[in-house]
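Listed below are the residues making up each chain.
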Amino acid sequence: MKNPERSGARKTEGKGHVKAQGKAINRTSGPAWPLLKRLAHYVKSHLGLFAITVSAAALAAIFELLPPFLIRAAIDRCVLGDEGNFIWLWAAGLLAVSLLQGGVDFLRLYLTALLGQKIVFRIRNDLFTHLNRLSFSFFDRARTGDLMSRVTSDTDVLSMFFGRAGIIVLTNALFLIGVMVVLFSWNWILGLVYAAMLPVIVVAIRIYARKVRPAMGRVRKTLGLLGSTLQGTLAGIMVVKVFGRDKYEEKRFDRSSSKNLSAGVEAAKIQSLWMPFMNVFMGIGTGLILWVGGYGVIRGGISLGTLIAFITYISMLLRPVRQTGMMMNVVMRSMAASERIFEVLDTIPEIADSPGALPLPPIQGIVKFDNVSFSYDGNNPVLIDVSLKALPGELVAVVGPSGAGKSTLVHLIPRFYNAERGSLTLDGNDVREVTLDSLRRNVGIALQSVFLFDTSIRENIAYGSPGVSDREIERVARTAQIHDFIHSLPMGYGTPVGERGVRLSGGQRQRIALARVLLHDPRVLILDEPTSSVDAATERKLRDAFEVARKERTTFVIAHRLGTVRHADRIIVLKNGRVEELGLPEAGKTAHEMLMVAGGLYSTLYSLQFTEAVEP
Ligand code: ATP
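Residues numbered from 1 in each chain as written. Predicted model: local features only at pLDDT ≥ 70, side-chain atom pairs only at ≥ 80, totals over all residues. Heavy atoms only, no water.

S.K.: Just checking my understanding: could you explain the environment of Leu66 for this structure?
M.R.: Looking at the secondary structure, you find Leu66 in helix H2 (residues 47–79). What makes Leu66 partly exposed here is its relative accessible area of 28%. Once the C-alpha coordinates of Leu66 and Leu94 are considered, the two residues, 28 residues apart in sequence, prove to be 8.3 Å apart. (Helix = DSSP H or I, 4+ residues; strand = E, 2+ residues; numbered from the N terminus. Buried < 20%, exposed > 50% of the residue type's maximum accessible area, 1.4 Å probe, protein only.)

Here it is, written out as structure tokens:
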């Protein structure tokens, strides 16, 4: 694949590498350590909060260990011993421990949630910032719904991980170790019985994790696909309605949803095994302790208080073990989610500043293509050996049949894609060797498909030029022949345009987009079909406005209606990615006239359009 955006440069897993460019994840069960290590990296920036949280967790584990201690002492000293009058003291002690435990637990849970929220805020912002840096080729392949689910729901899973699971697993681990220390100090035989249970629990958790993680990965993946299906249908709801494809879309959604259902059911099956297994296992453990400990009490080696405290500890294990099982689900879901998140974060933008790139110095706007070739997929050339030059103040028309490569050609100027071969320069500066930021400040483009944000007309026009005055906005709106319309609206420039500008007509959207690029005031102005959605009268006015606007810059115009570019200074005729003809003014004749005289593709296309135009 040609210059693909690559993934995984920072990855440490090596084998089973995930492919980038928005493809679905194929691997959902790689080693967890590298992922955990990378997640831990995010904790580093909140080390203080993390340390307090871990201390609260350790304190919570200690408080949890105390009740059996008190019970043991109460039984041995008060119930069986001669301190019966003081039993209330132990009961009061238990109450005090519970109150303190409640306070510490609140602190632990609150701090953990705070830490989780802070970390996920960082990860989500990093993800969004990185997505913004990725280039067109990534978005050509990625699915919007899937990306949205990575930024929202996958990061949400991580907030569960950092905000609950991580610390609960830690507290429980501390508790299990604490119980072991206490039990061994009381009675090593019973301690051994307990210690023998731990490896089984650890092995069981490992087996469980190994099974549940891929299942969770499938759940996340199918959820991403479901998001894409939904996003596609909602974005194309007009087409769905026009063609009456509601039922078809329902079936499609149902299919995606069913995949998610099967993945969810499969995961639930594995999850449901955990508790019954652990209940049986804990039952066996308690029985063993009762057996060995009971003999101990009968023979006199162990006090009754110790045995009861022991059994209390064993029954107390049930909660952390059950919780650990549940939290392992969250941990595994988090591993699957973080794999998807890191896949995006590891994708290296294909289009980025080259090392040592300098800002583009002030330019006049001389655009030069030298034998430029390009293909989207590395196999099918879309532009072949294109050479052309455009000078400041010139209006350069790019024409040719549909699919000839016109949009692709102009998209190379602001470096939406990199040319595969040849060079492209602005005033002699190779576009690859200057910073993207400075390049795009000098090259303005009004895209073929207009996109407006769901905000006011004013903000849409000012989008690329924050901080400009209302007067400037009005000036470009006048140039774009849209001021009178905006002025006639009750809310004027403050009128909201709706999602994707749905509350405006196609022509109004197009002119707002034009005003937006004019406000950007670029040296090189690219207009992809700028008048395709406006009426003939507006088109004439726009053309006059362009005449004024283009004087200070180099303007490229892509046009299908050749009548609109008759007055262009240069006309580039593309066919199958090659420059088929190049029209230049000569001997008092315009570029258009020269091409008409030449009698090639341009004159054929022009005559065809003209004939069509006059036909009844
Ligand atoms: P039109 O006049 O219909 O807008 P055009 O001359 O502007 O067409 P381009 O949009 O440049 O043509 O497309 C040229 C070729 O490149 C087409 O065959 C098209 O299928 C292909 N193409 C365009 N964009 C992409 C993309 N993002 N990924 C892969 N192929 C693409």
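S.K.: How should I be thinking about a nonpolar patch on the surface in this particular structure?
M.R.: Residues Val79, Leu80, Phe86, Ile87, Trp88, Leu89, Leu304 and Ile308 make up a contiguous nonpolar surface patch of roughly 760 Å² in combined accessible area. Secondary structure elements with two or more residues in the nonpolar patch: helix H3 (87–133) and helix H9 (304–345). The element that contributes the greatest number of residues to the nonpolar patch is H3, accounting for 3 residues. Mapped onto the elements, Leu304 comes out in helix H9. (Patch = residues over 30% accessible without salt bridge, like charges linked within 9 Å, V, L, I, M, F, W, Y side chains within 5 Å. Areas by Shrake-Rupley, 256 points an atom, 1.4 Å probe, with all protein chains shown as cover. Salt bridge = Lys/Arg side-chain N within 4 Å of Asp/Glu carboxyl O.)

S.K.: Explain unusual backbone geometry here, please?
M.R.: One can expect most non-glycine residues to show negative phi and most peptide bonds to be in trans. Even without glycine at this site, Asp385 takes up a positive phi of about 45°. As for its placement among the helices and strands, Asp385 is situated in strand S2 (residues 381–390). The exposure class assigned to Asp385 is partly exposed, which follows from its relative accessible area of 40%. Residues other than glycine seldom take positive phi values, yet Asp521 does so here, at roughly 50°. Within the secondary structure, Asp521 is located in the loop between helix H15 (506–520) and strand S7 (524–528). On the basis of relative accessibility, which here comes to 40%, the residue Asp521 falls in the partly exposed class.

S.K.: Just checking my understanding: could you explain the packing of aromatic side chains for this structure?
M.R.: For any pair of aromatic rings, the description consists of the separation of the ring centres together with the inter-plane angle of the planes. Per the stated rule, a full pass over the model turns up 14 aromatic pairs. Note on Phe106 and Tyr110: the rings are 6.0 Å apart at their centroids and 10° apart in plane angle, and the pair reads as stacked. In this pair, Phe106 and Tyr110 both sit in helix H3, 4 residues apart, roughly one turn of the helix. The exposed category is assigned to Phe106, whose relative accessible area is 57%. Taking the centre distance of 5.1 Å and the plane angle of 90° together, the rings of Tyr376 and Tyr417 count as edge-to-face. Here Tyr417 lies in the loop between helix H10 (406–411) and strand S4 (421–426) and Tyr376 lies in the loop between strand S1 (367–375) and S2, a separation of 41 residues in the sequence. Judged by its relative accessible area of 8%, Tyr417 is buried. (Phe/Tyr/Trp six-rings, centres within 6.5 Å; stacked < 30°, edge-to-face > 60°.)

S.K.: In this structure, what is going on with the nonpolar core? I would like to understand it.
M.R.: In a soluble, globular protein the nonpolar side chains are often hidden away together inside. Ranked by internal contacts, the top residues of the largest apolar core, which has 74 residues, are Leu39, Ile123, Phe162, Tyr194, Trp274 and Tyr313. Those elements that provide at least two residues to this core are helix H1 (32–44), H2, H3, helix H5 (144–186), helix H6 (188–235), helix H8 (246–299) and H9. Those residues in contact with Tyr313 that lie beyond four places of it in its chain are Leu65, Pro68, Phe69, Val179, Val182, Leu183 and Trp186. Counting residues in hydrophobic clusters, the runner-up holds 41 residues, among them Leu504, Val565, Ile571 and Ala591. (Core = buried A, V, L, I, M, F, W, Y, C linked by side-chain atoms within 4.5 Å. Contact = heavy atoms within 4.5 Å.)

S.K.: Which parts of the structure should I look at to understand helix H17 (residues 591–598)?
M.R.: For H17, the set of buried residues is Ala591, His592 and Leu595. For H17, the angular spread of the buried residues around the axis is 100°, confining them to a single face. Gly599 sits one or two residues past H17 and shows a positive phi near 70°. (Arc of directions from axis to C-beta.)

S.K.: Help me understand the packing of H6 against H8 in this model?
M.R.: Each packed pair of helices is defined by two parameters, the angle between the axes and the distance between the axes. Close contact between H6 and H8 brings their axes to 9 Å; oriented N to C, the two are set at 170°. Judged by the inter-axis angle, H6 sits roughly antiparallel to H8. Across the contact of H6 with H8, the residue classes tally to 29 nonpolar, 10 polar and 6 charged. (Axes fitted to C-alpha atoms, helices over the stretch in contact; angles between N-to-C directions. Parallel < 35°, antiparallel > 145°, perpendicular 65-115°, else oblique. Nonpolar A, V, L, I, M, F, W, Y, C, P; charged D, E, K, R; others polar.)

S.K.: Looking at this structure, how should I read the site of the ligand?
M.R.: Within the structure, the ligand sits among 14 residues, and Ser402, Lys406, Ser407, Thr408 and His560 are positioned closest to it. For the ligand, an oxygen atom lies 2.9 Å from a polar atom in the backbone of Gly403. The contact in question runs from an oxygen atom of the ligand to an N or O atom on the side chain of Thr408, over 2.5 Å. Relative to its free-state accessible area of 630 Å², the ligand is covered by the protein chains to the extent of 62%. If you tally residues by element for the shell around the ligand, the top one is H10, at 3 residues. Of the residues belonging to the shell around the ligand, the class tally is 5 nonpolar, 7 polar and 2 charged. (Near = heavy atom within 4 Å. Polar contact = N/O pair within 3.5 Å; in protein donor to acceptor, adjacent residues only side chain to side chain.)

S.K.: Even after reading the chapter, I still don't get the sheet that holds S2, so can you show me in this structure?
M.R.: Strand pairing in a sheet relies on backbone hydrogen bonds, with the paired strands running either antiparallel or parallel. Pairing within the open sheet is antiparallel, and its 4 strands lie in the order S2-S1-S4-S5. Of all the strands in the sheet, just S2 and strand S5 (429–430) have a single pairing partner and so form its edges. Direction of pairing for S1 relative to S2: antiparallel, over a ladder of 6 bridges. Across the sheet, residue Lys368 finds its bridge partner in S2, namely Lys389. (Pairing = 2+ DSSP bridges.)

S.K.: In this structure, what is going on with the sheet that holds strand S8 (residues 554–558)? I would like to understand it.
M.R.: Taking strand neighbours across the sheet as the criterion, the 6 strands line up as S6-S7-S8-S3-S9-S10 in an open arrangement whose pairing is mixed. In this open sheet, the two strands that pair with only one neighbour each are strand S6 (443–446) and strand S10 (578–583). Shown here is a sheet whose adjacent strand axes are inclined to one another by a mean of 20°, direction ignored. Where S6 and S7 come together, 4 bridges link them in parallel fashion. Pairing of Val443 across the sheet is with Val524, part of S7. H15 contacts S6 and S7 of the sheet and is inclined by roughly 175° relative to S6.

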